[in-house]
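Descriptive structure summary
Next come the chains, spelled out residue by residue.
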Amino acid sequence: MKRSIPLAIVMVGGILFIIQYFIPHQHSQTLFDYYTEWAPIVGAFALVLGVGSLSRLHSHKIKRKAKNWQYSYAVLIPLFAVPFFALLMPESLGGGLMESMGGTRTTQGVFDFAYLNVQIPIQSTMFSLLAFYIASAAFRAFRAKSALATVLLLAAIIVMLGQVPIGELIGKWFPKIGLWILRYPNLGAKRAIGLGVGFGILATQLKIIFGVERNWLGGAGE
Amino acid sequence: MNIWEKMLNLDRRWIFLLIGIACVVPFFTPLGLPILPSEEVISIYDYIEELGPDNAIFVGFDFDPGTAAENQPMGIAVLRHAFSRNIPVFITAVTPMGQGLAAMAIDELTDETRADFFSFVSWSEWSAIRDQGITERAEIEEAWIAEGNLLPERSRGFIFEGRDFAHLGYLPVFNLVILGMSTSIVSQYPTDVAGNSVEEMPMYQEHKSLREIDLAVTNAGSAACTWWIIYGREKIGLPVAFGVTAVMATDYYIYIQSGQIIGQMGGLRGAAEYEVLLLDNDYTSEPGKAFIGMDVQNIAHLLIIFLVILGNIAFFAGGFNKKTKLKGRR
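Worth saying up front: this structure is predicted, and the values here are computed from it rather than measured. (Residues numbered from 1 in each chain as written. Chains lettered and ligands numbered in written order. Predicted model: local features only at pLDDT ≥ 70, side-chain atom pairs only at ≥ 80, totals over all residues. Heavy atoms only, no water.)

Considerations on the overall build of chain B
How we decide: Working definition: helices are DSSP H or I runs of at least four residues, strands are E runs of at least two. Numbering for both runs from the N terminus. Partly exposed residues are those whose accessible area sits between 20% and 50% of the maximum for their type, while under 20% is buried and over 50% is exposed, using a 1.4 Å probe and protein chains only. Throughout, a contact is declared for two residues whenever any of their heavy atoms are within 4.5 Å. Per-residue and other accessible areas follow the Shrake-Rupley method at a 1.4 Å probe size, with only the shown protein chains counted as cover for residues. When charges are counted, Lys and Arg contribute as positive and Asp and Glu as negative, whereas His and the chain ends are disregarded. All charge positions are set by atom: Lys at NZ, Arg at CZ, Asp at CG, Glu at CD.
Of the regular secondary structure elements, chain B holds 15 helices and eight strands. Here the C-alpha coordinates of chain B stretch approximately 85 × 45 × 30 Å along the principal axes. The buried share among the 330 residues of chain B stands at 58%. Intrachain contacts of chain B at a sequence separation of at least 6 include 73% that bridge at least 24 residues. Total accessible area computed for chain B in this model is approximately 13,200 Å², and 55% of it derives from carbon and sulfur atoms. Between the centroid of the 23 positive side chains of chain B and the centroid of its 40 negative side chains there is a distance of 19 Å.

Side note on the pattern of salt bridges
The criterion, for reference: Salt-bridge detection follows one rule: a side-chain nitrogen of Lys or Arg within 4 Å of a carboxyl oxygen of Asp or Glu.
Applying the stated criterion across every chain, the model contains 13 salt bridges over all chains. Taken together, the shared-partner salt bridges connect B:E108, B:D111, B:R114 and B:K289 into one network.

Looking at the packing of aromatic side chains
Applied cut-off: Two aromatic rings, drawn from Phe, Tyr or Trp (for Trp, its six-membered ring), form a pair once their centres lie within 6.5 Å of each other, and the interplanar angle then sorts them: stacked below 30 degrees, edge-to-face above 60, tilted otherwise. Charge-over-ring contacts are defined here by two conditions on Lys NZ or Arg CZ: a distance within 6 Å of the ring centre and an angle within 35 degrees of the ring normal.
Scanning the entire structure with this criterion turns up 25 aromatic pairs over all chains. Seen from their ring centres, B:F120 and B:F165 are 5.9 Å apart, and the 40° between their planes marks the pair as tilted. Placement of B:F120 in strand 3 (residues 119-121) and of B:F165 in strand 5 (residues 165-170) is noted, with a sequence separation of 45 residues between them. Overall, the relative accessible area of 0% leaves B:F165 in the buried class. Summarising the aromatic geometry, the rings of B:F174 and B:W228 are spaced 6.0 Å apart at their centres and angled 55° between planes, so their arrangement reads as tilted. Remark: B:W228 occurs in helix 11 (residues 225-236) and B:F174 occurs in helix 8 (residues 174-181); sequence separation between them is 54 residues. In this structure, B:F174 and B:W228 share a single accessibility class: buried. Grouping aromatic residues by their ring pairs yields a cluster made of B:W123, B:W126, B:W144, B:F158 and B:F160. If you follow A:K65 out to its NZ or CZ, it ends over the ring of A:W69, 4.4 Å from the centre. The ring of B:W123 has B:R130 lying over it, and the distance from NZ or CZ to the ring centre is 3.4 Å.

Points about the packing of helix 7 (residues 173-183) of chain A against helix 8 (residues 185-209) of chain A
Residue and element names in this part refer to chain A. Under the convention used in this document: Interaxial angle, 0 to 180 degrees, is taken between N-to-C directions of lines fitted to C-alpha atoms, where a helix line uses only the stretch in contact. Working rule for angles: under 35 degrees goes down as roughly parallel, over 145 as roughly antiparallel, 65 to 115 as roughly perpendicular, anything else as oblique. Only Asp, Glu, Lys and Arg are considered charged in this grouping, and only Ala, Val, Leu, Ile, Met, Phe, Trp, Tyr, Cys and Pro are considered nonpolar; every other residue, Gly among them, is considered polar.
Contact pair helix 7 / helix 8: the axes reach a minimum separation of 3 Å and the direction vectors enclose 15°. In terms of axis orientation, helix 7 runs roughly parallel to helix 8. Taking contact as the criterion, the partners of W180, I181, L182 and R183 in helix 7 are, on helix 8, P185, N186 and L187. In the contact of helix 7 with helix 8, the residues fall into five nonpolar, one polar and one charged.

What about the confidence of the model for chain A?
Residue and element names in this part refer to chain A. Using the following cut-off: The quantity known as pLDDT measures the predictor's confidence residue by residue, on a range of 0 to 100.
Chain-level pLDDT for chain A is 85 on average; 88% of the residues reach the 70-or-more range. Across residues 94-98, where pLDDT falls below 50, the model places 24 contacts with residues more than four positions away in sequence or in other chains. Within the model, the stretch residues 100-107 combines pLDDT values under 50 with 23 contacts to residues more than four positions away or in other chains.

A few points about the domain arrangement of chain B
Residue and element names in this part refer to chain B. What counts is decided by this rule: Residue ranges for the domains trace back to a domain assignment, done automatically or taken from a database. Note on terms: buried area is the combined drop in 1.4 Å-probe accessible area of two parts once they are placed together, counting the loss on both. Each polar contact in these results corresponds to two N or O atoms within 3.5 Å; when the atoms are within protein, one needs to be able to donate a hydrogen and the other to accept it, and residues that are neighboring in sequence are counted only if both atoms are side-chain atoms.
Domains assigned within chain B are domain 1 (1-30 + 290-330) and domain 2 (37-287). With centres defined by C-alpha atoms, the gap from domain 1 to domain 2 works out at 40 Å. Summed over both partners, the interface of domain 1 with domain 2 comes to about 600 Å²; 78% of that surface belongs to carbon and sulfur atoms. Contact with domain 2 buries surface across domain 1, with A290, F291 and M294 losing the most and accounting together for 76% of the total. Applying the counting criterion to the domain 1 and domain 2 interface returns zero salt bridges. At the boundary of domain 1 with domain 2, the tally comes to two residue pairs in polar contact (both at pLDDT 80 or more).

Some details on the layout of surface pockets
Counted only if it meets this: Here a cavity means grid points, on a 1 Å grid over the protein atoms only, where a 1.4 Å probe fits yet cannot get out; a pocket means an open set of points with protein on both sides within 12 Å along at least five of seven lines; lining residues are those with an atom within 4 Å of a point. Grid points are joined across faces, edges and corners, and a volume is the space filled by probe spheres set on the points.
Each pocket or cavity is described by its volume, and for the second largest pocket that value is around 2,000 Å³. Every residue lining the second largest pocket is counted, 41 residues in all, and those nearest its centre are A:I201, A:L202, A:Q205, B:I230 and B:Y231. Only helix 1 (4-21), helix 2 (26-64) and helix 8 of chain A together with helix 8, helix 11 and helix 13 (253-257) of chain B provide two or more residues apiece to the lining of the second largest pocket. Looking at which element gives the most residues to the lining of the second largest pocket, the answer is helix 8 of chain A, with 14 residues. Taken together, the residues that form the lining of the second largest pocket break down as 26 nonpolar, 10 polar and five charged.

Examining the interface of chain B and chain A
With 68 residues of chain B in contact, the opposing surface of chain A contributes 56 residues. In this assembly, chain B packs against chain A so that about 5,600 Å² is buried in total across both faces, 67% of it on carbon and sulfur atoms. Our count for the contact surface shared by chain B and chain A stands at two salt bridges. Of the charged contacts in the structure, one is a salt bridge between B:E40 and A:R183, with a shortest N-O distance of 2.9 Å. Linking chain B with chain A are 15 residue pairs in polar contact (both at pLDDT 80 or more). No other element matches helix 15 (residues 289-317) of chain B, which puts 14 residues into the side of chain B that touches chain A. Considered class by class, the residues forming the side of chain B that touches chain A number 34 nonpolar, 20 polar and 14 charged.

What follows is the structure, encoded as structure tokens:
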């Protein structure tokens, strides 16, 4: 039962919406409209599962005093504090009590403060660190050890110079060759990979719809 | 340990320091090198240039703060272009963070302390004009000025919430939201982020579904931008343009060649190119953040290329290409 009902739902739903796509009729459209209204609501339940699972994992870590258990507080406190303040100040849910959202520039709640002064800088900083690591990795790993590695190295240098105005000052052909690399060799490779991935997705989806692939059940009913 | 080996074992903190300097110094000594817009960016600009108050576009702030340095200037540049031409803009977000970043973009464009700002008129402020049954863009502005609201000096014009833009914000499972909007925008977004009824907005009354939208520009930091192609372009023929990070840009040239997107702004360079087009065509009087940021990218790229060449010189001059293993820890 645990396996056959979900499998039946997936099979019926999958086949139904494959057929629906090719039927330009009002009833078909009404069915599709119902689906687009219901699906995000059903999808939002995943959030409940996610929050529940995350809370359980970290509360267990704290209870057991597992390695680095202190950091679990850094997950749990904001996890519940942010919705709490958002509920207290629903007008600031957008991420900032700003003029365009009915607020003023001078007022700032706890939620907005956390968003603007904690969340944004943290995410920006994490991504910015990439520049430092890429520079260090490029110095250490980018070697012309073989013919293929040399081609890769030269392509990288040309594209990098072609992407910045200073490259054009060094040589007017840098942007042209850089664009050529992006538009032709890169495009050919990407298209081949894209087609492969596309066919892979199609095959996997058909396998899921027809119950051949059952890993998504997560071992239910076994 | 000889000099080449020492060079190859250079402490990574020196490299970090050099990159840090390369990122900071150009802000104090701008190079201001000319940037030539590429075909991919010009095509987006030209497309929007053909639109006016009778059209409408979607602008997606589909990114998180991590990629805001690249994506935010794109969003701001497209919004500036649309606001200048009185093109109604529906603003959406694929991520919760994107919603706040979109609000910040609107605030930046309407900040009276900045040059070339737009004078923001909130939904409630012009309710009396709506009550008179006035919904035409030109008539709204006329009535607003007749009420004694003069355009401030240095302002680029009024933007009326609900007529010139609607900040719809974030919704989960956004691919389904796009599908839903292909039938009705209000079925997915009954209200905007401020709680105003979208159905009452004149811009919605004229453009009720994605089928009546002329362009969707998605500024994205993830593959979520492809949803606009799969569910917008391919299902209902919605014209789509991309603004993506530099590392993503190479992935999406295939969609330009196939004609599935009308153009693409790739990374900070793409944003800077759009800013240059706005500057050259008098939509703004000063360069934007991306143009200024390109100085940093100039120096950083040169530095990385210099480090790569240096690493290779040391590698071959030291004869390490013949050895199996390098000594040293770093």
